[in-house]
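Read off the chains here:
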Amino acid sequence: MRRIGILLHVSSLPGRYGIGSFGKEAYRFVDKLKAAKQSYWQILPLGPTSYGDSPYQSFSTFAGNPYFIDLEMLIEEGLLTKKECESTDFGSNPKKVDYKKLYEGRYELLHKAYERAGVFENEAFKDFVYENSKWIWDYALFMALKDYFNGEPFTSWPTDIRDRYDYSINYYREKLYFDIEFYQFLQYKFDEQWKKLKAYANENGVEIIGDIPIYVAMDSADTWAHPELFQIGEEGKATAVAGCPPDGFAPDGQLWGNPLYNWEYHRNTGFKWWIKRLKKNFEWYDVIRIDHFRGFDEYYSIPAKDKTAAGGHWEKGPGIELFNRIKEALGDCRLIAEDLGYVTDSVRKLVNDSGYPGMKVIEFAFDSRDTGNANDYLPHNYVRNSVVYTGTHDNETVMGWLNDITEKEYNKVLEYFNLKKGVKHTEVCDAVVRGAVGSVSDTCIIPIQDYLHYDHNYRMNTPSTIGKNWMFRLTDKEMSDEVWKKIKYLTELYGRVR
């Protein structure tokens, strides 16, 4: 069944208060997707972002990002006033998220909403906390403690609470009662608003493709509350961390810094934590893309003391055993395997054995910096059980990529898509998009930037860099009727109508 969708993170939606949210602009986007006969809206992870603002480095793998709570809905509920929201400085550029100002202003407003909500009388709130008690108490206490200790990582906290002595847990739960309740309230409103938006999308024939990182952040409620799940030693510090080896894009490799899993422990518990994690995420998404799928076959282990990824080595992951247990517990989950990068025969076998569709990225077919097999990414070599992208959130936009590749590579693009030299880059971009939409892959996802012919200034993320990522936003006028007509036309032309 041929389907198509658009990649646009919630943070990139238009809106009045500094960042995209679950408000009216999101509903309007769903309406446009429906009119253009799109089947999917793909987003990035929805977890609460930590330092560096990356949705792939979250304070919890079970919690949602409070930034996405729509303030206008809180105004309608009487929990905030329009004046309070409009007098808060969220930054002056509507096309970029200012995370510093967002952090300074958003939480102050959300705290006012909490103080006015009277959650102690709200049975729905109490039910939500009870239903999510297996993770929300640890998460809310973790966040309250981070505030109490001025944002310090938990490895720097006093030993008694860092190591979760029972008397300390009880002491801080009492001392920080209202702070804990505040963070629980944020999760309650996040869950309420997101599930309402997702239901609206589903009712209108649009399914949500979510995204979960393979790893959790080192400074997270997950590692603090359950160090046994990870390769963590004394003082709560990781002994080995995750990353990628050197390649054409990163000469020193990528040092992510996430703690690696203690796979022996997970295997001995029947992969209980992974099953719980996916079950929670399937409450939020219809389909889940698992980032860095090859890490389940082999994962790159870097000594925690190293400053670059160059000194790492490969170790065996859990393999198909994990996914067999997931299928036993949750049935035939709709997962997408992000099998990009240097793909070995054993990775290919794992993807094939799992039955999940892998990913194809057209940019990789022509870029010599990719150390994988370029032929795998040429559209004529695709298989039906795959998801094709022009590029992902980690890649240049097609327009930016065309300006970045060598002349030889650019000429190969022209030759492949039967274009003459001297043709405008916008026409080449459109040809690449057509190559994806017209391919044999069952599913096609196009980043919104490529429909809009946006260059490197609108890139979502450049791996191994900080300070300039995850900021991209649309404004109301950028997605014109002409753009949506083009999207609908390509969808119908290549038989991807839902």
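For every chain, the first residue of its written sequence is number 1, and the numbers climb from 1 along that sequence. Per-residue local features are limited, in this predicted model, to residues with pLDDT of at least 70; the limit for side-chain atom pairs, both in listing and counting, is 80 or more; totals at the level of whole chains, interfaces and linings are taken over all residues. Each side-chain value is derived from all of the structure's non-hydrogen atoms; neither hydrogens nor water enter the calculation.

Structural notes on the overall build of the chain
The numbering of helices and of strands both runs from the N terminus, where a helix is a DSSP run of H or I of at least 4 residues and a strand a run of E of at least 2. Counting secondary structure elements, the chain contains 19 helices and 12 strands. Computation of the radius of gyration draws on C-alpha atoms, with the globule rule given as 2.2 Å multiplied by the number of residues to the power 0.38. Over its C-alpha trace the chain gives a radius of gyration of 23 Å, about what one expects of a compact globule, namely 23 Å for 498 residues. For the chain, the spread of C-alpha atoms along the principal axes amounts to about 70 × 50 × 40 Å. Whether a residue is buried, partly exposed or exposed follows from its accessible area with a 1.4 Å probe, protein chains only, as a fraction of its type maximum: under 20%, in between, or over 50%, in that order. Per-residue burial for the chain yields a buried fraction of 57% across its 498 residues.

As for the sheet that holds strand 5 (residues 254-259)
Ordered in space as 5-4-7-8, the 4 strands form an open sheet in which the pairing is antiparallel. The two strands at the open ends of the sheet, each matched to only one other strand, are strand 5 and strand 8 (313-316). Each strand of the sheet is rotated relative to its neighbour by a mean of 50 degrees, with strand direction disregarded. A pair of strands is labelled paired if DSSP reports no fewer than 2 bridges between them. Of the strand pairs in this sheet, strand 7 (residues 298-303) and strand 8 are connected by 4 bridges, and their pairing is antiparallel. Its bridge partner being in strand 8, Tyr 300 is matched across the sheet by Trp 314. Simply put, an axis is a line fit to the C-alpha atoms, just over the touching stretch for a helix, and the angle between two N-to-C directions goes from 0 to 180 degrees.

Points about the pairing of strand 12 (residues 443-447)
Burial analysis of strand 12 places 5 of its 5 residues in the buried class, which makes it a mostly covered element. Examined bridge by bridge, strand 11 (residues 386-389) and strand 12 share 3 bridges and lie parallel to one another. Each residue of the ladder has a partner; that of Val 387, found in strand 12, is Thr 443.

Examining the packing of aromatic side chains
Any two of the Phe, Tyr and Trp rings considered here, Trp counted by its six-membered ring, make a pair once their centres fall within 6.5 Å; the pair's planes then place it as stacked at under 30 degrees, edge-to-face at over 60, or tilted in between. Scanning the entire structure with this criterion turns up 60 aromatic pairs. Seen from their ring centres, Phe 62 and Trp 135 are 6.4 Å apart, and the 20 degrees between their planes marks the pair as stacked. Here Trp 135 lies in helix 6 (residues 133-148) and Phe 62 lies in the loop between strand 2 (40-42) and helix 2 (71-76), a separation of 73 residues in the sequence. Both residues of the pair, Phe 62 and Trp 135, belong to the buried class.

Some thoughts on the packing of helix 1 (residues 24-35) against helix 19 (residues 481-493)
Contact geometry for helix 1 and helix 19: axes closest at 9 Å, N-to-C directions at 45 degrees. One finds that helix 1 runs oblique with respect to helix 19. Contact residues: Phe 29, Lys 32, Leu 33 and Ala 35 in helix 1; Asp 481, Trp 484 and Lys 488 in helix 19. Only Asp, Glu, Lys and Arg are considered charged in this grouping, and only Ala, Val, Leu, Ile, Met, Phe, Trp, Tyr, Cys and Pro are considered nonpolar; every other residue, Gly among them, is considered polar. Considering only residue class, the contact of helix 1 with helix 19 consists of 4 nonpolar, no polar and 3 charged. By the definition adopted for this analysis, an angle is roughly parallel if under 35 degrees, roughly antiparallel if over 145, roughly perpendicular if from 65 to 115, and oblique otherwise. Contact criterion: two residues are considered in contact whenever any of their non-hydrogen atoms come within 4.5 Å of each other.

Some words on helix 13 (residues 320-330)
When we look at burial in helix 13, the residues that qualify are Leu 322, Phe 323 and Ile 326. Along the long axis of helix 13, the arc covered by the buried residues comes to 90 degrees, so they all point the same way. As for helix 13, its buried residues are in contact with helix 11 (263-268), helix 12 (272-281), strand 6 (287-290) and helix 14 (345-354). Count one or two residues on from helix 13 and you reach Gly 331, which has phi positive near 80 degrees. The arc in question is the one spanned by the directions pointing from the helix axis to the C-beta atoms.

A word on the state of the cysteines
To count as a disulfide, a pair of cysteine sulfur atoms needs to be within 2.5 Å. The final tally for this structure, using the stated rule, is 0 disulfides. Cys 429 carries a free sulfur, and the closest cysteine sulfur to it, the one in Cys 444, is 13 Å from it. Looking at Cys 429, the relative accessible area reads 0%, which means it is buried.

Observations regarding the nonpolar core
Throughout this description, the term nonpolar core refers to a set of buried Ala, Val, Leu, Ile, Met, Phe, Trp, Tyr and Cys residues connected via side-chain atoms within 4.5 Å. If you look at the biggest cluster of nonpolar residues, it comprises 167 residues, and the most contacted ones within it are Trp 41, Trp 224, Phe 296 and Tyr 451. Among the elements that take part in this core, helix 9 (residues 177-203) stands out by supplying 10 residues, more than any other. Beyond its immediate stretch of four places on either side in the chain, Tyr 451 contacts Ile 4, Ile 6, Val 433, Val 437, Ile 446, Val 483, Lys 486, Ile 487 and Leu 490.

Topic: the environment of Trp 137
Tracing the backbone shows Trp 137 in helix 6. On the basis of relative accessibility, which here comes to 29%, the residue Trp 137 falls in the partly exposed class. Sequence separation between Trp 137 and Ala 221 is 84 residues, and the spatial gap between their C-alpha atoms is 9.8 Å. Residues in contact with Trp 137, not counting those within four places in the same chain, are Val 129, Arg 173, Ile 180 and Gln 184.

A short note on the side chain of Arg 289
Tracing the backbone through its elements, the reader meets Arg 289 in strand 6. Sequence-distant contacts of Arg 289, defined by excluding residues within four places in its chain, comprise Gln 42, Tyr 56, Gly 210, Asp 211, Ile 212, Ile 336, Glu 338, Met 359, Tyr 389 and His 393.

What about the pattern of salt bridges?
We count a salt bridge whenever a side-chain nitrogen from Lys or Arg sits within 4 Å of a carboxyl oxygen from Asp or Glu. Taken as a whole, this structure holds 33 salt bridges when the rule is applied. Notably, a salt bridge pairs Lys 305 with Asp 306, separated by 3.3 Å at the nearest N-O pair. Residue class for Lys 305 comes out exposed when judged on its relative accessible area of 67%.

Here's the deal with the pairing of strand 6
Residues Val 287 and Arg 289 point to one face of strand 6 and Ile 288 and Ile 290 to the other, with burial holding for every one of them. Across 4 bridges, the pairing between strand 3 (residues 207-212) and strand 6 is parallel. Bridge pairing in strand 6 places Ile 209 opposite Val 287. Across 3 bridges, the pairing between strand 6 and strand 9 (residues 335-337) is parallel. Counted as the bridge partner of Ile 288 is Leu 335 from strand 9.

Nothing here speaks to function; it is all geometry.
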